[in-house]
Structures are given as structure tokens and as C-alpha cells.
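Take a look at the letters that make up each chain.
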Amino acid sequence: MQIRPLYDRVIVKRIEQQRTTAWGIVIPDLIAEKLEQGEVIAVGSGRLLQDGTQRPLQLKVGDQVLFGKYAGQTVKVDGEELLVMREEDVMGVLEPEASAAKKAA
């Protein structure tokens, strides 16, 4: 089953990373807080404005994003935990360092 977000909503899959302390001790997922970083896997058609037009979203599928700890609504699709949130709940897009170096030059 696939999920298609409406209007200014996006579907985000959390990026799971194993956390390790400075001494090499692995912190299990049950103890570690959920990360506030994920990958956009679906986007809606755009924000519906008061005049009836739609403003396209700035996010696209594949973007790695940062979001607040309590942002979005958790849903399970085919046993996979996903977040449904509005574009405005996303705080920023993570860009690869190679493109950041080009911009600095």
C-alpha cells in the first residue's frame, strides 16, 4: 500500500542510526530518544492559498530534513512507521557537504 499526502503535507521516514557513547557503548533504541532527522518519501501537491491557487512545496522526495521532536503524526503503513507532517513543521533541509563547499568557494 502507498500513501499520498494531500496539499502541504509530507511523509517522512525517520533515519535510524545506532547511537554509541564516547567509550563505545551502544545505546539501544528503547533508551535512546527518537531522532529528529528523516527522509522525505512523499510530498503533497502544494499549499492551498485563500484565493484558491496552490503554492508548490519547497521540499521534494529524497530530501533529508530536520524536524521538531513532537512534529507530525505517526502512522504505520505496511508495518513501517512514518510521520505525516505539514511542510511548515520541517525546520530545515540537510545538504551534502560537497554542495556546501561549492557554495563557499
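Residues numbered from 1 in each chain as written. Predicted model: local features only at pLDDT ≥ 70, side-chain atom pairs only at ≥ 80, totals over all residues. Heavy atoms only, no water.

**Description of the nonpolar core**
Spelled out, the test is: Only buried residues count toward a nonpolar core, which is a set of Ala, Val, Leu, Ile, Met, Phe, Trp, Tyr and Cys residues joined through side-chain atoms within 4.5 Å. For every residue, the accessible area obtained with a 1.4 Å probe (protein chains only) is divided by the maximum for its type, and the residue is called buried under 20%, exposed over 50%, and partly exposed between those limits. Here a helix means four or more residues in a row that DSSP labels H or I, a strand means two or more in a row labelled E, and each is numbered from the N terminus. Any two residues having at least one pair of non-hydrogen atoms within 4.5 Å are treated as being in contact.
Among the nonpolar cores identified, the biggest contains eleven residues, and these are Val-10, Val-12, Val-40, Leu-57, Leu-59, Val-65, Phe-67, Ala-71, Leu-83, Met-85 and Val-90. For this core, the elements supplying multiple residues, two or more each, are strand 1 (9–14), strand 7 (64–67) and strand 9 (80–86). Apart from residues no more than four positions distant in its own chain, Leu-57 is found in contact with Tyr-7, Asp-8, Arg-9, Val-10, Val-43, Gly-44, Gly-46, Arg-47 and Glu-87. Core analysis: the next-biggest nonpolar cluster, separate from the first, contains five residues, Ile-11, Ala-42, Val-77 and Val-84 among them.

**Section: the sheet that holds strand 1**
Cut-off, in case you're wondering: Criterion used throughout: strands pair if DSSP finds at least two bridges between them. Between N-to-C directions, angles cover 0 to 180 degrees, with each direction set by a line fitted to C-alpha atoms, over the stretch in contact for helices.
An order of 8-9-1-4-7-10 is seen for the six strands of this open sheet, with the pairing classed as antiparallel. If you trace the sheet from one side to the other, it starts and ends with strand 8 (73–77) and strand 10 (90–94), each paired once. Here the average twist between neighbouring strands, direction ignored, is 45°. Relative to strand 9, strand 8 is paired through five bridges, and the arrangement is antiparallel. Bridging across to strand 9, Lys-76 finds its partner in Glu-81.

**Concerning the environment of Val-90**
Within the secondary structure, Val-90 sits in strand 10. Residue classification places Val-90 among the buried residues on the basis of a relative accessible area of 14%. Separated by 53 residues in the primary sequence, Val-90 and Gln-37 place their C-alpha atoms 9.7 Å from one another. Once residues within four sequence positions are removed from consideration, Val-90 is found in contact with Val-10, Leu-59, Val-65, Leu-66 and Met-85.

**Re unusual backbone geometry**
You will see that Tyr-7, though not glycine, has its phi angle at about 50°, which is positive. When you line up the elements, Tyr-7 lands in the segment before strand 1. You will see that Asp-78, though not glycine, has its phi angle at about 55°, which is positive. Mapping Asp-78 onto the fold places it in the loop between strand 8 and strand 9.

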